[in-house]
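Residue-level structure breakdown
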2 protein chains.
Amino acid sequence: MNAVSLDLARLRRSCAHCSLRQLCLPGGIDAGALAQLEQLVRRTRPVRRGERLYRIGERLNAVYVASAGAFKTVSVSESGEEQLQGFHLPGELMGLDGLGEGVHRCEAEALVDANVCEVPLEQLSTVALQLPGLHQQLLRVIGQSLDRDHDHAGLLVRRQANERIALFLHGLGERYARIGEDPYRFRLPMSREDIARYLGLALETVSRGLTRLQEDGVISARGRLVEIADPKELARLAHGGDGGEPAQRGRL
Amino acid sequence: MNAVSLDLARLRRSCAHCSLRQLCLPGGIDAGALAQLEQLVRRTRPVRRGERLYRIGERLNAVYVASAGAFKTVSVSESGEEQLQGFHLPGELMGLDGLGEGVHRCEAEALVDANVCEVPLEQLSTVALQLPGLHQQLLRVIGQSLDRDHDHAGLLVRRQANERIALFLHGLGERYARIGEDPYRFRLPMSREDIARYLGLALETVSRGLTRLQEDGVISARGRLVEIADPKELARLAHGGDGGEPAQRGRL
DNA sequence: CGTTAGATTGACAACTGTCAAAAGACGTGG
DNA sequence: CCACGTCTTTTGACAGTTGTCAATCTAACG
């Protein structure tokens, strides 16, 4: 029991803000299982900006979580243009795309220098079948990935560009908060062009939207450094507070 | 062995075009397991147009597949407006939303009278842990759900309304083909407003887009009845064939 | 046959995409 | 440490598309 809690402490420290923490530390875990899990995870492989974890068409054989840095996942439409499927901050799972066909539909590219943990899928499945609770936790993490996709779709159906941009910044702040970073002051790891493709806008529109937010005193942006000056107003704008309904009606 | 193949035949007939077929019929299945699976599925509960399979906030305790009819899944944004997350034809899984939190983020409403198969999640998990291969198959079906979400995002990032509409019809045709229906002639189960919210457009824009496609001889639409007169042209329009690049460059 | 919900069409303003140029940030090498 | 070149970002002007408001038309249903 003592050994177990030591291992637990080590795991916690090394994967402090890792989404796989939920995978690694469910109830009813014993020392042997812990050892198995520890061996499963290849830790902190450094990945340099521009490097890819996997490419489109590759068989998927692992899932990935960054412990530092940031990634984007990009797919290519039939017309040949790139489509930004998502951004991935430390602790957010990557590599589940193509779980349906067994082949990656996206490529994951590091936006800045990063560290990644890699978990071979086959071994993960094997261990999941043996560990009570781990299977459930795996489903849960996948579900969170589904949630993120729904949030993305939720961004894209907003018709006003400024609403999408505000919601994007708001959501990014929330995600930074979740990993212990300042939700009101952070450096964007992605370019305006990446943001634009993620939001389904022209990059000039993104730039103008940020400028507008700055003029209105909601944020302060110098290049990629963003400071959210008025979080409440940002949230209001993000949730369609401007443009139609009289401020706060319906819920809240 | 004889009994097994009989059961298999029965299963195939009853769930002929069901996405869960892939769950039910993996390799290495035996008679006992088959019986377990058969008991798992509550079959063909009739659901009338407008009825909901589940609501937002409910604990998720089952997944659903329609054997006939069609559904939409709708979520509500923080600003109170409804967001159309997806359409579900027969054989397409519903109910995975909220796998992350264990609580539904969407509600699933029948667009027309329908029949649904319901599979309790808890029992499914239990059986999945015992059946070699079933766990993998479960992941695969979830992956397909992820793929559909990515396709939806792919629709939404298109900037031109006509492109989204063409791609929507094209994709719908493909999905009808997959369940053995005519991909070039079908009745839309959803209203123009539903389509509009799914595509992130105004319903008038959808109506105009359909009219435009009809004027151009690509489709023939009378109310909800759609006939695709020129599938090749529709595919071209769907993949950005119009608007920029000189017809078919890059791939194809 | 009347009523109602859904769909189409028209007019107009606003937003956003496109093209183009300038300004700023960043890294490299002197 | 500064100068240079490149990439990114901002800003401007303008046209096109799309959203909004409003009226008409159609279809479904009682």
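Residues numbered from 1 in each chain as written. Chains lettered and ligands numbered in written order. Predicted model: local features only at pLDDT ≥ 70, side-chain atom pairs only at ≥ 80, totals over all residues. Heavy atoms only, no water.

With that settled, the discussion passes to the packing of helix α6 (residues 161–178) of chain B against helix α9 (residues 231–238) of chain B. Two numbers describe a pair of packed helices, the interaxial angle and the distance between the axes. Residues and elements named next belong to chain B. Axis separation between α6 and α9 bottoms out at 8 Å; the angle between their running directions is 130°. One element, α6, and the other, α9, form an angle in the oblique class. In the crossing of α6 with α9, the sense of the turn from one axis to the other is left-handed. Along the contact surface, α6 presents E163, A166, L167, L169 and H170, while α9 presents L234, A235, L237 and A238. When its residues are assigned to classes, the contact of α6 with α9 shows seven nonpolar, one polar and one charged. (Axes fitted to C-alpha atoms, helices over the stretch in contact; angles between N-to-C directions. Helix = DSSP H or I, 4+ residues; strand = E, 2+ residues; numbered from the N terminus. Parallel < 35°, antiparallel > 145°, perpendicular 65-115°, else oblique. Left-handed = near helix turned anticlockwise from the far one by under 90°. Contact = heavy atoms within 4.5 Å. Nonpolar A, V, L, I, M, F, W, Y, C, P; charged D, E, K, R; others polar.)

Before going further, it helps to examine the UniProt feature "domain: HTH crp-type" (unreviewed entry) in chain A. Listed under "domain: HTH crp-type" (unreviewed entry) in the UniProt record, and renumbered for this structure, are residues 159–232 of chain A. Along residues 159–232 of chain A the backbone is 55% helical and 15% strand, and the end-to-end C-alpha distance reaches 21 Å. (UniProt positions renumbered as here; feature names shortened; annotations may be inferred.)

Let us look at the pattern of salt bridges. A full pass over the atoms with the stated rule returns 30 salt bridges over all chains. Measuring nitrogen to oxygen at the nearest pair gives 3.7 Å for the salt bridge that ties E193 of chain B to R197 of chain B. With a gap of four residues between them, E193 of chain B and R197 of chain B both fall in helix α7 (residues 192–199), about one helical turn apart. On the accessibility criterion, E193 of chain B (42% relative accessible area) is partly exposed. What makes R197 of chain B partly exposed here is its relative accessible area of 21%. Look at the salt bridges and you will find they share partners, linking K72, E82, E193, D194 and R197 of chain A into a network. (Salt bridge = Lys/Arg side-chain N within 4 Å of Asp/Glu carboxyl O. Buried < 20%, exposed > 50% of the residue type's maximum accessible area, 1.4 Å probe, protein only.)

Below, the discussion takes up the interface of chain B and chain A. If you look at the interface, chain B gives 48 residues, while chain A gives 48 residues. In this assembly, chain B and chain A are joined by four salt bridges. The residue R105 of chain B makes a salt bridge to D147 of chain A at a minimum N-O spacing of 3.6 Å. Elements with a contribution of two residues or more to the side of chain B that touches chain A: β5 (82–88), α4 (121–130), α5 (134–156) and α7 of chain B. At 17 residues, the largest contribution of residues to the side of chain B that touches chain A is made by α5 of chain B. Tallied by class, the residues present in the side of chain B that touches chain A amount to 16 nonpolar, 17 polar and 15 charged.

Turning our eyes to something else, we now look at the protein's contact with DNA strand D. Taken together, 18 residues sit near DNA strand D, with S207, R208 and T211 of chain A together with A161 and T205 of chain B positioned nearest. The sugar-phosphate backbone supplies 62% of the atoms of DNA strand D found within 4 Å of the protein. The contact in question runs from a phosphate oxygen of DNA strand D to an N or O atom on the side chain of R224 of chain A, over 3.0 Å. At 2.4 Å from a phosphate oxygen of DNA strand D is found a main-chain nitrogen or oxygen belonging to A161 of chain B. Elements with a contribution of two residues or more to the surface near DNA strand D: α8 (203–215) of chain A together with α8 (203–215) of chain B. Sorting elements by how many residues they give to the surface near DNA strand D places α8 of chain A first, with five residues. (Near = heavy atom within 4 Å. Polar contact = N/O pair within 3.5 Å; in protein donor to acceptor, adjacent residues only side chain to side chain.)

Here we take up the side chain of K72 of chain A. Residue and element names in this part refer to chain A. Along the chain, K72 falls in strand β4 (residues 71–76). The class for K72 is buried, based on a relative accessible area of 9%. In this structure the side chain of K72 is engaged in a polar contact, spanning 3.1 Å, whose partner is the side chain of D194. Leaving out residues up to four positions away in the same chain, K72 has contacts with L84, G86, F87, H88, E107, A108, E109, L111, D194 and R197.

Residues and elements named next belong to chain A. For chain A, the average pLDDT comes to 84, and 81% of its residues sit at 70 or higher. With pLDDT under 50 throughout, residues 3–13 is counted as low confidence; its partners more than four residues away or in other chains account for 13 contacts. Counting interchain partners and residues more than four positions distant, the pLDDT-below-50 stretch residues 244–252 has seven contacts. (pLDDT = per-residue confidence, 0-100.)

Residue and element names in this part refer to chain B. What the four strands build is an open sheet, ordered β2-β7-β4-β5; its pairing is antiparallel. Lying at the two open borders of the sheet, with one neighbouring strand each, are β2 (52–54) and β5. Taking each pair of neighbouring strands and ignoring which way they run, the sheet shows an average axis angle of 30°. Bridge count between β2 and strand β7 (residues 106–110): two bridges; the pairing is antiparallel. (Pairing = 2+ DSSP bridges.)

A separate point is α5 of chain B. The terminal C-alpha atoms of α5 of chain B, which comprises 23 residues, lie 34 Å apart, in line with the 33 Å expected from a rise of 1.5 Å per residue. For α5 of chain B, a buried count of 19 out of 23 residues is recorded, marking the element as mostly surrounded by other parts of the structure. (Expected span 1.5 Å × (residues − 1).)

A word on the packing of aromatic side chains. For any pair of aromatic rings, the description rests on two quantities: the centre-to-centre distance and the angle between the ring planes. One pass over the full model with this rule turns up 10 aromatic pairs over all chains. The rings of F87, F168 and Y198 of chain A are connected pair by pair, giving a single aromatic cluster. (Phe/Tyr/Trp six-rings, centres within 6.5 Å; stacked < 30°, edge-to-face > 60°.)

Glancing now at the relation of the copies chain B and chain A. The transformation that overlays chain B on chain A combines an axial shift of 0.0 Å with a rotation of 180°, and the residual RMSD is 0.0 Å. Such values leave the two copies arranged in the relation of a two-fold axis. The overlap is high: 100% of the interface residues of chain B also sit at the interface in chain A, so the same surface is used on both sides. (Least-squares fit on C-alpha atoms with pLDDT ≥ 70 in both.)

This part covers the protein's contact with DNA strand C. Near DNA strand C you find 18 residues, and of these A161 and T205 of chain A together with S207, R208 and T211 of chain B are the closest. Among atoms of DNA strand C positioned within 4 Å of the protein, sugar and phosphate together represent 64%. Between DNA strand C and S207 of chain B there is a distance of 2.7 Å, counted from a phosphate oxygen to a side-chain nitrogen or oxygen. Interatomic distance of 2.6 Å between a side-chain N/O atom of R208 of chain B and a base nitrogen of DNA strand C. Of all the secondary-structure elements, those providing two or more residues to the surface near DNA strand C are α8 of chain A together with α8 of chain B. Looking at which element gives the most residues to the surface near DNA strand C, the answer is α8 of chain B, with five residues. A breakdown of the residues in the surface near DNA strand C according to their chemical character gives four nonpolar, six polar and eight charged.

The next thing to look at is the sheet that holds strand β11 (residues 225–228) of chain A. All names here are of chain A. An order of β9-β11-β10 is seen for the three strands of this open sheet, with the pairing classed as antiparallel. Two strands bound the open sheet, and with one partner strand each, they are β9 (185–187) and β10 (219–222). Mean inter-strand twist for the sheet, computed between neighbouring axes without regard to direction, equals 15°. Sheet topology places β9 next to β11; three bridges connect them, and they run antiparallel.

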